[in-house]
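What follows is the residue order along each chain.
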Amino acid sequence: MAGQAIATVEAYLDVLGARDMEHILSHFSADAAWTIPGDPALTPWAGSRTGPEGIRQSLASFFAAVEPLAFELGPLVEADGRVLAPGRYSSRFHPSGKVLNSEVIMRFTVTDGLITDYRVFEDSLGITRAHLGEQTTGMERHR
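About the thresholds
- Residues numbered from 1 in each chain as written.
- Predicted model: local features only at pLDDT ≥ 70, side-chain atom pairs only at ≥ 80, totals over all residues.
- Heavy atoms only, no water.
- Helix = DSSP H or I, 4+ residues; strand = E, 2+ residues; numbered from the N terminus.
- Rg over C-alpha atoms; globule rule 2.2 N^0.38 Å.
- Buried < 20%, exposed > 50% of the residue type's maximum accessible area, 1.4 Å probe, protein only.
- Contact = heavy atoms within 4.5 Å.
- Areas by Shrake-Rupley, 256 points an atom, 1.4 Å probe, with all protein chains shown as cover.
- 1 Å grid on protein atoms, 1.4 Å probe; cavity = no way out; pocket = protein on both sides within 12 Å on 5 of 7 lines; lining within 4 Å.
- Points joined across faces, edges and corners; volume = space filled by probe spheres on them.
- Nonpolar A, V, L, I, M, F, W, Y, C, P; charged D, E, K, R; others polar.
- pLDDT = per-residue confidence, 0-100.
- Phe/Tyr/Trp six-rings, centres within 6.5 Å; stacked < 30°, edge-to-face > 60°.

## With respect to the overall build of the chain
And step 1. On a plain count of helices and strands, the chain comes out with 4 helices and 7 strands.
And step 2. Taken over C-alpha atoms, the radius of gyration comes to 15 Å for the chain, in line with the 15 Å a tight globule of 143 residues would show.
And step 3. With the C-alpha coordinates aligned to their principal axes, the bounding extent of the chain is approximately 45 × 30 × 25 Å.
And step 4. The buried share of the chain, taken over its 143 residues, is 44%.
And step 5. In the chain, once contacts between residues fewer than 6 apart in sequence are set aside, the share between residues at least 24 apart is 51%.
And step 6. For the chain, the accessible area works out to roughly 7,300 Å², and carbon and sulfur atoms hold 56% of it.

Structure follows, in structure tokens:
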């Protein structure tokens, strides 16, 4: 069983990069929990959602507002069906045009080859500021 969860996460990340919605959703269970930190009133893809339609709404908002510039995935770590995926990314946010460079950790719970829980740990304040075009600090870069 060890390794199956990592294979599921790697397959999900591959289709996420291609922004192929139907293939993305095929990696989630029907009642999967999806949690991205932040205020959905400020960053529409943030918040907690459940199931394919909730995930679809979050991703559609994300795809409309975020242009990925670079993503570097670190080594995946698996224990008891949970996978931690650390990474670094650079994204341009629309309509502000601001660029954010940041680190992220994604946590997946995988059961029977499907993702049942997805949580992101990242700089939600930096993301909100970049999305809204506000002054930023820290690891962020302005353009």
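## Details of the layout of surface pockets
Rolled over the atoms, a probe sized like a water molecule indicates the empty space that remains.
And step 1. Of the pockets and cavities examined, the largest pocket occupies roughly 610 Å³.
And step 2. When residues of the lining of the largest pocket are traced back to their parent elements, those giving at least two are α1 (4–18), β1 (28–36), α3 (51–65), β3 (66–73), β5 (82–93), β6 (99–111) and β7 (114–122).
And step 3. In terms of residues, the lining of the largest pocket owes the most to one element, β3, which gives 5 residues.
And step 4. Counted by class, the lining of the largest pocket contains 21 nonpolar, 3 polar and 2 charged residues.

## Concerning helix α4 (residues 124–132)
And step 1. Regarding α4, the residues found buried are Gly 126, Ile 127, Thr 128, Ala 130 and His 131.
And step 2. Once α4 ends, the next one or two residues include Gly 133, with phi positive near 80 degrees.

## Section: unusual backbone geometry
And step 1. Here the bond from His 94 into Pro 95 is cis, since omega is 10 degrees, no more than 30 degrees from zero.
And step 2. The backbone phi angle of Arg 19 is positive, close to 55 degrees, even though this residue is not glycine.
And step 3. Take Arg 19: it is sitting in the loop between α1 and α2 (21–25).
And step 4. We classify Arg 19 as partly exposed; its relative accessible area is 28%.
And step 5. The phi torsion at Asp 112 lies on the positive side, around 50 degrees, for a residue other than glycine.
And step 6. On the basis of relative accessibility, which here comes to 68%, the residue Asp 112 falls in the exposed class.

## Topic: the confidence of the model for the chain
And step 1. When the pLDDT values of the chain are averaged, the result is 92; 92% of them are 70 or greater.
And step 2. Low pLDDT, under 50, characterises residues 139–143; the predicted model gives this stretch 19 contacts beyond four residues in sequence or across chains.

## Remarks on the packing of aromatic side chains
And step 1. All told, the structure shown has 10 aromatic pairs when counted by the stated rule.
And step 2. Measuring from centroid to centroid gives 6.3 Å for Trp 45 and Phe 93, while their planes differ by 25 degrees, and the two rings are stacked. Here Trp 45, found in the loop between β1 and β2 (47–50), pairs with Phe 93, found in strand β5; they are 48 residues apart in sequence, far enough to count as distant. Phe 93 matches Trp 45 in its accessibility class, with the two residues each being buried.
And step 3. Members of the aromatic cluster, each reached through a chain of ring pairs, are Tyr 12, Phe 28, Trp 34, Phe 108 and Tyr 118.

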